[in-house]
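# Commentary on secondary and tertiary structure
The chain contents come next:
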Amino acid sequence: RSVQHAVAALFGALPKPARMGRDVFAAELGRALAARRVLVNDPDVLRRLDRIDCLVIQGDLVARDRYEVTDVVTVEGVSRRETRSRALELFEPEHPVSVIRRGNLVLGPFTRLDASLPPALEERATEWSRRGELCLALARDGRVEGLVALSMIPQTGIEELITAAHEAQMRVVIASNDESVLEGLNVDDAIPFGDGLPSGIRRLQREGRSVMLVATGRASGVGAADCAIGLVRAGEPPPWGAHLVSSDDLSDVRFVLHACEAAKKVAKQSVNVALGAAAVGTLVSAGGVVSMTTSRVFTVVNTASLIAMGNGIRNSAALERRALPPPRDRTPWHALDAHGVMAKLGTSETGLSKSEAQ
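Residues numbered from 1 in each chain as written. Predicted model: local features only at pLDDT ≥ 70, side-chain atom pairs only at ≥ 80, totals over all residues. Heavy atoms only, no water.

## Remarks on the pattern of salt bridges
Under the defined criterion, the tally for this structure stands at 19 salt bridges. For Arg47, the salt bridge goes to Asp44, with nearest N and O atoms at 3.3 Å. Through salt bridges with shared partners, a single network forms among Glu82, Arg86, Glu89, Arg102, Arg140 and Glu145. (Salt bridge = Lys/Arg side-chain N within 4 Å of Asp/Glu carboxyl O.)

## What about the pairing of strand β10 (residues 211–216)?
Burial within β10 is extensive, with six of its six residues counted as buried. Covered by surrounding structure in β10 are Val211, Leu213 and Ala215 together with Met212, Val214 and Thr216, the residues of both alternating faces. In terms of strand pairing, strand β2 (residues 54–58) meets β10 through four bridges, oriented parallel. Looking at β10, one finds that Val56 is bridged to Leu213. Sheet topology note: the β10/strand β11 (residues 227–232) ladder contains five bridges and is parallel. (Buried < 20%, exposed > 50% of the residue type's maximum accessible area, 1.4 Å probe, protein only. Helix = DSSP H or I, 4+ residues; strand = E, 2+ residues; numbered from the N terminus. Pairing = 2+ DSSP bridges.)

## A short note on the nonpolar core
Ranked by size, the top nonpolar core spans 42 residues in total, and within it Leu29, Leu49, Leu55, Ile57 and Met212 carry the most contacts. When contributions to this core are tallied by element, the ones reaching two or more residues are α2 (16–35), β2, α5 (158–167), β8 (171–175), β10, β11 and α7 (250–285). Apart from the residues within four sequence positions on either side, Ile57 is in contact with Val62, Ile158, Leu161, Ile162, Val172, Val173, Ile174, Ala175 and Val214. Counting 19 residues, the second-largest nonpolar core is a separate cluster that includes Phe193, Leu197, Leu213 and Ala215. (Core = buried A, V, L, I, M, F, W, Y, C linked by side-chain atoms within 4.5 Å. Contact = heavy atoms within 4.5 Å.)

## Examining the packing of aromatic side chains
Two numbers describe a pair of aromatic rings. These are the distance of the centres and the angle of the planes. Inspection of every chain in the model, using the stated rule, returns zero aromatic pairs. The lysine or arginine in question, Arg36, covers the ring of Phe255, its NZ or CZ lying 4.6 Å from the ring centre. (Phe/Tyr/Trp six-rings, centres within 6.5 Å; stacked < 30°, edge-to-face > 60°. Lys NZ or Arg CZ within 6 Å of the ring centre and 35° of its normal.)

## Remarks on the sheet that holds strand β9 (residues 189–191)
Taken together, the seven strands give an open sheet; going across it, the order is β1-β12-β11-β10-β2-β8-β9, and neighbouring strands pair in mixed fashion. The open sheet has two edge strands, β1 (39–40) and β9, and neither has a second partner. Lying over the sheet, α5 contacts β2 and β8, oriented at roughly 165° with respect to β2. Across the sheet, helix α6 (residues 197–206) touches β2, β8, β9 and β10, and the angle it forms with β9 is around 140°. (Axes fitted to C-alpha atoms, helices over the stretch in contact; angles between N-to-C directions.)

## Topic: the environment of Ile229
Looking at where Ile229 falls in the secondary structure, it is placed in strand β11. A residue is classified by how much of its surface remains accessible, and Ile229, at 3% relative accessible area, is buried. Along the chain, Ile229 and Val245 lie 16 residues apart, while their C-alpha atoms are 5.8 Å from each other. With residues up to four places along the chain from it excluded, the contact list for Ile229 reads Met212, Leu213, Val214, Ala215, Ala242, Leu244, Val253 and Val256.

Structure representation (structure tokens):
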């Protein structure tokens, strides 16, 4: 029967702390992403991270390790082009140091073949091994015809990305038209890539999922995702339609996934603070404890808002301090020469220099 108390109770129930806690966390997250050189095209997407529960990954981002032929040398009278093609035909990327036999041809590390190398080829093989490259010998009828140097470009970070998504209670979906990319990966579903990507994303959304898409500039479903992370890749157009634009580095995507976990935590805590403030404000405005005016009720709401904002800053700082484990390097170190390993690691037999040690 008191207009003053009724108005005070109305203002006391405003969900201001819930909104302010999330907004401050999103603002701090935007600053952290900028420090990681991630471009935020749409800041509103940072306020939706607490609802993301499905990760869609472009299929070719989970491709297997790639090997590139860097050099070929042959004995006199043997074609370098033919040696290269034969080696690539026999080579198995899943077993790079295996000895492969097909008919009268044998391909494998020169140290594992029974055939002896001519002096010129042996000198070149030693040079490649010290450079950190995988040196394979191609032999025909027990006679080495040529050597092929392979440089490995390992695909790192994808396994850690999938693990981070599952830890955040997300469903992991691969967008690919090639089912072979799913082998050995702990994923939950697959949708088509290309023209079928937007419809696949919308199907997931109809199932009640909020979708985060990780794709490059050539993906066509960026606009359909609730949160799209575009990766800049050489030779492809920049993904300007994505909400977040990052370099071709999956560690930034992992950081955003951890941010989704933190956003859910902040949202839940901010709602609890808002509920507590509403209960206290409504109770005291109704005269249950002491008669309070509207301005005093505002003090309760604003104090709760400050608490929620401080909690958002605290969680953002904790996220920024969280160290991401480095991705597993899939380089077959056991197949490399010791000097080649040191060359790849950027070190030498003498170890650290005096200045580096200091």
